[in-house]
Amino acid sequence: AWTRAYLTTQGLPQRGCYAHGVSSPLSLFLVALTASAHVIGVRRVFDEERRFSPQFIEIAGPAAEGAMITTPYVNDPAAGPLVAPFAEAFMREYREEPDFCAALSYDALGTLARVIEKVGPDRTAIRDEMARMTTPEAGYVGVTGNTYFDANGDCSKPLFVSKVRGGKLTYCEMQLPPESAKPA
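Nothing here was measured: the structure is a model prediction, and the numbers come from that model.

**Considerations on the pairing of strand β6 (residues 160-165)**
- With five of six residues buried, β6 is to be regarded as a mostly interior element.
- Relative to β6, strand β3 (residues 68-71) runs antiparallel, the two being bridged by four bridges. By the bridge assignment for β6, I69 is matched with S162.
- Both β6 and strand β7 (residues 168-171) contribute to a ladder of four bridges, which runs antiparallel. For R165, the partnering residue across the bridge sits in β7 and is K168.

**Focus on a nonpolar patch on the surface**
- A surface patch of nonpolar side chains, amounting to about 250 Å² of accessible area, comprises L109, L112 and I116.
- Relative to the helices and strands, L109 resides in helix α5 (residues 100-119).
- By relative accessible area, which is 58% here, L109 ends up exposed.

**Here we look at the packing of aromatic side chains**
- What the rule picks out here adds up to five aromatic pairs.
- Here F86 and F90 contribute two aromatic rings whose centre-to-centre distance is 6.0 Å and whose plane-to-plane angle is 50 degrees, an arrangement assigned as tilted. Note that F86 and F90 are positioned in helix α4 (residues 83-94) at a spacing of four residues, about one turn of the helix. Neither F86 nor F90 differs from the other in exposure class; each is buried.
- Ring centres of F160 and Y171 lie 5.9 Å apart, and the angle between their planes is 70 degrees; on these two criteria the pair is classed as edge-to-face. A residue pair is termed long-range when its members are at least 10 positions apart, and F160 in strand β6 and Y171 in strand β7 qualify at 11 residues.
- Pairwise contacts between aromatic rings join Y73, F86, F90, Y94 and Y106 into one cluster.

The rules behind the values
Residues numbered from 1 in each chain as written. Predicted model: local features only at pLDDT ≥ 70, side-chain atom pairs only at ≥ 80, totals over all residues. Heavy atoms only, no water. Buried < 20%, exposed > 50% of the residue type's maximum accessible area, 1.4 Å probe, protein only. Helix = DSSP H or I, 4+ residues; strand = E, 2+ residues; numbered from the N terminus. Pairing = 2+ DSSP bridges. Patch = residues over 30% accessible without salt bridge, like charges linked within 9 Å, V, L, I, M, F, W, Y side chains within 5 Å. Areas by Shrake-Rupley, 256 points an atom, 1.4 Å probe, with all protein chains shown as cover. Salt bridge = Lys/Arg side-chain N within 4 Å of Asp/Glu carboxyl O. Phe/Tyr/Trp six-rings, centres within 6.5 Å; stacked < 30°, edge-to-face > 60°.

Following this line, the structure appears as structure tokens:
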């Protein structure tokens, strides 16, 4: 559903391919083939972070150019001022680029650390304070954006739209509108 909404809000042709499924070398190969589908009129290829890996760009080669991927984190300073310092520290410590799992873990720990700093190590107080994080103003701003929760305790924040450029996943100049983070 986000694909149509994204294309519509950006005034782009709605002819595209959304690849969805489990991660495997075969699915990566199929996405790479799909990226070449301009011969049948496909103008955009969309995917999601669960299947994205550096293998995608390696397998697809030049055909990966322009593929768009939704992700809660993209290692590109254009995504926000906290990305570069986080990525640099992560590279120093682990000698590899952080992925979306590392970024989400970092923000989860940052959220918890801020709450514990505010209310102390009492479990009930921690739970209650996190339950009060229901507005952007009360949220924790981290490398994946602003973390705050709805009435059900779900975190609602938009995904980044990233784009393969120059053989690297980059922050896309066109992003989903903020209301896309709201549950349907």
